[in-house]
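Below are the chains, spelled out letter by letter.
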Amino acid sequence: MIIAANFKTNHTRASTKEYISTLSQFIKSNDIKDEVYIFPTASSLDEFKTQANVTVGTQNAYGVKNGSFTGEIGLEQLEEFNIKTILIGHSERRALGDDNTLVKSKFDFFKKNNFKIIYCVGESLETREKGLDEVRKFLYNQLDSIDLNYDNLVIAYEPIWAIGTGVSATIAIIDETLNLLANKTTKPILYGGSVKVETIKETISLKNCSGVLVGSASWNIFNFCKMLHEI
Ligand code: PGA
């Protein structure tokens, strides 16, 4: 299973270091074999000493090696810490201005540089309320803008209406939507959107679920360890 923690704008450099150190000890002493990804803030990126199955990635970056792009980080800043994993297309980034063209250009750039890409897709409540056909059209359209044959690709299905709300999509909705996505791609598919200790087991038991992308419930290390214990 894949379990990924998205810190968003939480944790400092110091608390991230402490978090990853506690996590590493937990993974070692419990012999956890799952693939674990941590996405700290850009200012907390570093070359961490951790277990082989723990990967630190970036929540975002601009698709350039370096240059004049005020406020952005590029490939050179990621290479300093050997970061080779990125989240692309998260709905919170799309809401802040990453439109389809920008998302696609980031995807193409980091693909060219052999990054592992976790590509996020997910519909709004408005689209969900129009029915499954509309949801399918919307999600397929998001998938159509990237190269689904890219080897190092993982898809994360994150319905916008379930992110950060504390209310996950129902298991039936997750199941039905992951099945839709699996008709279109053979890549591993994660579910994200208010995943909690209480819901993780049922979610990952679904046929087309290869793991979870966790936001708020991952920010407390003890809670995240409980989740790792559940899977
Ligand atoms: P959440 O965030 O778990 O707080 O809903 C998930 C995500 O945005 O990746």
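Scroll up for the structure.
The sections below set out a description of the structure shown in this document.

Here is what the cut-offs are and how they apply
- Residues numbered from 1 in each chain as written.
- Predicted model: local features only at pLDDT ≥ 70, side-chain atom pairs only at ≥ 80, totals over all residues.
- Heavy atoms only, no water.
- Axes fitted to C-alpha atoms, helices over the stretch in contact; angles between N-to-C directions.
- Helix = DSSP H or I, 4+ residues; strand = E, 2+ residues; numbered from the N terminus.
- Parallel < 35°, antiparallel > 145°, perpendicular 65-115°, else oblique.
- Left-handed = near helix turned anticlockwise from the far one by under 90°.
- Contact = heavy atoms within 4.5 Å.
- Salt bridge = Lys/Arg side-chain N within 4 Å of Asp/Glu carboxyl O.
- Buried < 20%, exposed > 50% of the residue type's maximum accessible area, 1.4 Å probe, protein only.
- Pairing = 2+ DSSP bridges.
- Near = heavy atom within 4 Å.
- Polar contact = N/O pair within 3.5 Å; in protein donor to acceptor, adjacent residues only side chain to side chain.
- Areas by Shrake-Rupley, 256 points an atom, 1.4 Å probe, with all protein chains shown as cover.
- 1 Å grid on protein atoms, 1.4 Å probe; cavity = no way out; pocket = protein on both sides within 12 Å on 5 of 7 lines; lining within 4 Å.
- Sits in = over half its atoms within 2 Å of the grid points.
- Nonpolar A, V, L, I, M, F, W, Y, C, P; charged D, E, K, R; others polar.
- Points joined across faces, edges and corners; volume = space filled by probe spheres on them.
- Expected span 1.5 Å × (residues − 1).
- Arc of directions from axis to C-beta.

**A few points about the packing of helix α1 (residues 13–29) against helix α9 (residues 221–230)**
In step 1: For the pair α1 and α9, interaxial distance at closest approach is 10 Å and the crossing angle is 25°. Here α9 runs roughly parallel to α1, going by the angle between their axes. Judged by the twist between their axes, the crossing of α1 over α9 is right-handed. Counting all contacts with α1, which are made through Y19, T22, L23, F26 and I27, the residues of α9 involved are I221, F224, C225, L228 and H229.

**So, the pattern of salt bridges**
In step 1: Throughout the structure, instances matching the rule amount to 13 salt bridges.
In step 2: Of the charged contacts, one joins K106 and D98 as a salt bridge, the two residues approaching to 2.8 Å between their closest N and O atoms. Accessibility assignment for this pair places K106 and D98 in one class, buried.
In step 3: Linked by salt bridges that have partners in common, R93, D98 and K106 make up one network.

**Concerning the sheet that holds strand β7 (residues 189–192)**
In step 1: The parallel open sheet is built from 8 strands, whose spatial order is β3-β2-β1-β8-β7-β6-β5-β4. Single-partner strands in this sheet number two, and they are β3 (54–56) and β4 (85–88). Ignoring which end each strand starts from, the neighbouring axes of this sheet average 20° apart.
In step 2: Note that β4 and strand β5 (residues 116–121) share 4 bridges and pair parallel.

**Some details on the site of the ligand**
In step 1: Around the ligand, the structure places 13 residues, and the nearest of them are K8, H90, E158, G164 and S216.
In step 2: At a separation of 2.8 Å, an oxygen atom of the ligand approaches a polar backbone atom of S194.
In step 3: Contact with the protein chains removes 99% of the 280 Å² of surface that the ligand exposes when unbound.
In step 4: Because more than half of its atoms lie within 2 Å of the grid, the ligand is assigned to the largest cavity.
In step 5: Here the shell around the ligand is built from residues that sort into 4 nonpolar, 7 polar and 2 charged.

**Brief notes about empty space enclosed by the protein**
In step 1: A full pass over the atoms with the stated rule returns 2 cavities of 30 Å³ or more.
In step 2: In this structure, the largest cavity spans a volume of roughly 90 Å³.
In step 3: The wall of the largest cavity is formed by 13 residues, among which K8, E158, G193, V214 and G215 lie closest to the centre.
In step 4: Looking at the lining of the largest cavity residue by residue, the class counts come to 4 nonpolar, 7 polar and 2 charged.

**Topic: the layout of surface pockets**
In step 1: Of the pockets and cavities examined, the largest pocket occupies roughly 380 Å³.
In step 2: Considering the residues around the largest pocket, the lining is formed by 19 residues, among which K8, T9, Q59, N60 and R93 are closest to the centre.
In step 3: Classifying every residue of the lining of the largest pocket by side-chain character gives 7 nonpolar, 8 polar and 4 charged.

**Overview of helix α7 (residues 171–182)**
In step 1: Between its first and last C-alpha atoms α7 spans 16 Å; for 12 residues at 1.5 Å apiece the expected length is 16 Å, and the two agree.
In step 2: Burial in α7 covers these residues: I174, T177, L178, L180 and L181. For α7, the angular spread of the buried residues around the axis is 155°, confining them to a single face.
In step 3: Elements that come into contact with the buried residues of α7 comprise β5, α5 (125–129), α6 (132–144), β6 (153–157), β7 and α8 (197–204).

**Some remarks on the packing of α6 against α7**
In step 1: Their axes nearest at 10 Å, the elements α6 and α7 cross at an angle of 45°. Overall, the two elements α6 and α7 adopt an arrangement that is oblique. Viewed along their axes, α6 and α7 form a crossing whose handedness is right-handed. Residues L132, V135, R136, L139, Y140 and L143 of α6 touch α7, and the partners they reach there are E176, T177, L180 and L181.
In step 2: In the contact of α6 with α7, the residues fall into 7 nonpolar, 1 polar and 2 charged.

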